[in-house]
Amino acid sequence: MSEIILYGSATHRNTGDLAMMHGLIDWLHRHGHRGQVALMTRNPVESEQEFGLPCFMSHDADLLAFGSHPPSRFRLIRNGLRWLLKVVVWRYASRRLAARSMTPSTLHALERLASAHALIVHGSGSFNSVFHIGWLYPKAITSIAAALLNVPIVLTSQGIGPFNHRADRWMARIFFQRARLIGIRDGDVSRQAARENGAQEDRIIHTGDDSELLPAATDDRITEVMRIEGIPNDGMLIGVNFRDASSYHPGYEDEGYEKLARVLDDLIDHHNARVVLIPITYDALDDDRKSAARVTEHMKRSDHVAVVKGVYDAALLRGLIGRMTIAVGSSYHFLLFALSQAVPSLALTKNPYYAVKHRGLLTLYRQAERVCDVNQTEAVRLEEFVNDLVMHRDGISTALAERQLELNAESARARDQLAKQLAAGD
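Owing to the predicted nature of the structure, the values given are computational and were not obtained by experimental measurement.

**Q** Can you help me understand the packing of aromatic side chains in this one?
**A** How two aromatic rings sit relative to each other is given by the distance of their centres and the angle of their planes. With the rule as written, the count across this model stands at nine aromatic pairs. Between F127 and F176 the ring centres are 5.4 Å apart and the planes differ by 25 degrees, which places this aromatic pair in the stacked class. Of this pair, F127 sits in strand β5 (residues 124–127) while F176 is found in helix α8 (residues 166–176), placing the two residues 49 residues apart along the sequence. An identical accessibility class is assigned to F127 and F176; each is buried. With 5.1 Å between their ring centres and 85 degrees between their planes, F242 and Y257 make a pair best called edge-to-face. You can see F242 sitting in the loop between β9 (237–241) and α11 (257–271) and its partner Y257 sitting in helix α11, a full 15 residues away along the chain.

**Q** Would you explain the sheet that holds strand β11 (residues 305–307) in this entry?
**A** The strands that make up a sheet pair up through hydrogen bonds in the backbone, lying either parallel or antiparallel. An order of β11-β10-β9-β12-β13-β14 is seen for the six strands of this open sheet, with the pairing classed as parallel. Because the sheet does not close on itself, it has two edges, and the strands there are β11 and β14 (371–373). The mean angle between the axes of side-by-side strands here comes to 20 degrees, regardless of whether they run parallel or antiparallel. Here four bridges tie β9 to strand β10 (residues 274–277), and the two strands are oriented parallel to one another. Within β10, the position partnered with I238 by the bridge is V275. Across the sheet, helix α15 (residues 352–364) is in contact with β12 (326–329), β13 (345–349) and β14; its angle to β13 comes to roughly 160 degrees.

**Q** Just to check I follow, could you spell out the packing of helix α7 (residues 132–148) against α8 for this structure?
**A** Helix packing geometry: the angle between the two helix axes and the distance between the axes. Between α7 and α8, the least distance of the axes is 8 Å, while the angle of their chain directions is 40 degrees. Regarding the angle of α7 to α8, the classification is oblique. Relative to α8, α7 is oriented so that their crossing is left-handed. From α7, H132, L136, Y137, K139, A140, I141, S143 and I144 reach across to α8, where they touch A167, D168, M171, A172, I174 and F175. Residues of the contact of α7 with α8, tallied by class, amount to ten nonpolar, two polar and two charged.

**Q** Help me out: how do you make sense of the pattern of salt bridges in this one?
**A** The tally for this structure, following the rule as stated, stands at 21 salt bridges. R323 is the salt-bridge partner of D219, the closest N and O atoms lying 3.9 Å from each other. Of the two residues, D219 sits in helix α10 (residues 219–228) while R323 sits in the loop between α13 (314–322) and β12, which places them 104 residues apart along the sequence. Given a relative accessible area of 24%, R323 falls into the partly exposed group. The partner of R289 in a salt bridge is D287, and the shortest N-O contact between them spans 2.8 Å.

Conventions adopted
Throughout, a residue's number is its position along its own chain's written sequence, starting from 1. In keeping with the predicted nature of the model, local features appear solely for residues at pLDDT of at least 70, side-chain atom pairs appear and are counted solely at 80 or more, and the whole-chain, interface and lining totals rest on all residues. Think of the side-chain values as coming from all heavy atoms in the structure, minus any hydrogens and water. Under the pairing criterion, centres of Phe, Tyr and Trp rings, with the six-membered ring standing for Trp, must be within 6.5 Å; the plane angle then separates stacked pairs below 30 degrees from edge-to-face pairs above 60, leaving the rest tilted. Secondary structure elements are defined from DSSP: runs of H or I of at least 4 residues count as helices, runs of E of at least 2 residues count as strands, and each element is numbered from the N terminus. Throughout, exposure labels follow a simple rule: accessible area from a 1.4 Å probe, protein chains only, divided by the maximum for the residue type, with under 20% read as buried, over 50% as exposed, and the rest as partly exposed. Think of it this way: DSSP has to see at least two bridges between two strands before they count as a pair. Each axis is a line fitted through C-alpha atoms, taken for helices only over the stretch in contact, and angles between the N-to-C directions span 0 to 180 degrees. Residues count as neighbours in contact if any of their non-hydrogen atoms are within 4.5 Å of one another. For classification purposes, an angle smaller than 35 degrees is called roughly parallel, one larger than 145 roughly antiparallel, one from 65 to 115 roughly perpendicular, and anything else oblique. Left-handed describes a crossing whose near helix is turned anticlockwise from the far helix by less than a right angle; the clockwise case is right-handed. In this classification, Asp, Glu, Lys and Arg are treated as charged, Ala, Val, Leu, Ile, Met, Phe, Trp, Tyr, Cys and Pro as nonpolar, and every other residue, Gly included, as polar. What makes a salt bridge here is a side-chain nitrogen of Lys or Arg within 4 Å of a carboxyl oxygen of Asp or Glu, nothing more.

Just distances and angles here, no functional claims.
Listed below in structure tokens is the structure:
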């Protein structure tokens, strides 16, 4: 069998992204594809060190070629059409002629793609208008190339939407109409977004999030890290993650720190709780540890706060989150790691991007009422949301555990379907 190519660029300082990649790669290896998987990415050297796979530079550099300013949608489409013309010449006319107009890395990527058994667009929360430059447009253009080359293309673990521009919806439609299977991670919200943009219902499957394919760390390792980070192993522990997503879009503001600090102070006073601020991303633009420090700066009871300062992998962070009494946060994977381990959770939303992600995830777990817009909610109301988690913790936890069993079964069926598609190829 020829190789299966994973296509995308994981953020190597985001443990959620890394967990999705490692989970998918491990799943492929367990399903008979060891030695047959390669990664087409914008950061091949770093990725090869991280994942231990053959990695090569993607053609994205041609699709995203621009100067000092982000490209317009018109320019992205123009670049894509130019690249597709080269693919057509290479495929149907003269490979030698087409090669003259391509960089060596782009030509190599095209040759690998043309000989692939299948192309997998790996899991992400980027299939939307917010990340249209780096994700939506390159993936849509590539789906046309895959069709020209007769290479089946599938997705796993996708959070889809929102699409708030006509051209973005058009590009999404181009992709979905060419995908053999569309694996989503948050149920009805992504399913509806895919359907509204041209996806066929029978091609949409709920794979769940690829990070769930990886187990949590051992109890001994979790306990040791809690000791290192000064986290008690008993009493009420409130896990918190407050993401600064202002870099994602020019219109996004980073607010709510004083409000959250006030709520956490009150919880400490009323429940003798310990607050544990847990990072998921360590990227310079949205490092959760920076946000954690800002929350702590506004707190009066910072003596009851532990900020997790070390850099840990997803297995450890998942296990640590599983030790929390309740979870309050912004990061998708922070909330997923909590909910999947039956930890009652409240999603803190600050912008439209996270509003969709939170609505999808919490609705999936039948906890849709536990999404709170921080900017539109008074501190006293926010405290009521959190206190409700504490008061009804046992019942919520039982319901989450039961729901997780249902989701595991649904994901297993979807992954069986995905395995059959990969085995069949074209």
